[in-house]
Amino acid sequence: MSEKKVKNYTAEFKESAVKLAIESEKPVTETARELGVNSNTLHTWITKYHRLKVVNQPGKNDEHVYDEVKRLRKELKTLKEEHAILKKAAAFFARESL
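Residues numbered from 1 in each chain as written. Predicted model: local features only at pLDDT ≥ 70, side-chain atom pairs only at ≥ 80, totals over all residues. Heavy atoms only, no water.

Visitor: Just checking my understanding: could you explain the confidence of the model for the protein for this structure?
Guide: In regions of low pLDDT, the predicted coordinates are not meant to be interpreted in detail. On average, residues of the protein score 85 in pLDDT, and 85% of them reach the 70 mark or higher. The lowest-confidence element of the protein is helix α3 (residues 39-55), averaging 84 in pLDDT; the highest-confidence one is helix α2 (residues 28-35), averaging 92. (pLDDT = per-residue confidence, 0-100. Helix = DSSP H or I, 4+ residues; strand = E, 2+ residues; numbered from the N terminus.)

Visitor: Where do I start with helix α1 (residues 11-23) in this structure?
Guide: In an α-helix there are 3.6 residues to a turn, and that puts residues three or four apart on one side. With 13 residues, α1 should cover 18 Å at 1.5 Å per step; its first-to-last C-alpha distance of 18 Å lies within 8% of that length. Those residues of α1 not exposed but buried are A17, V18 and A21. End-on, the buried residues of α1 take up no more than an arc of 100°, which puts them together on one face. Of the exposed residues in α1, the ones pointing more than 90 degrees away from its buried face are E12 and E23. (Expected span 1.5 Å × (residues − 1). Buried < 20%, exposed > 50% of the residue type's maximum accessible area, 1.4 Å probe, protein only. Arc of directions from axis to C-beta.)

Encoded structure:
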């Protein structure tokens, strides 16, 4: 049986490969071939890079999301109250016009 040798790449190499693939006008498969990396591996690195980029955006942490949900719930409560008042006022004026 032949064993496949697993290549370990440094984080710096992965990062530079992703940047090269994204910024280059060449197809990702061609960039991967030039770097001596499997194209599926490079695609995986690019996907992980994009996920990390979205997660690490400033202001996009969990606290920010919870604060936003809290604010939206408060606004929804206020809007429901205003809607109920307007509904009662419309019914009152409709009854009065008859």
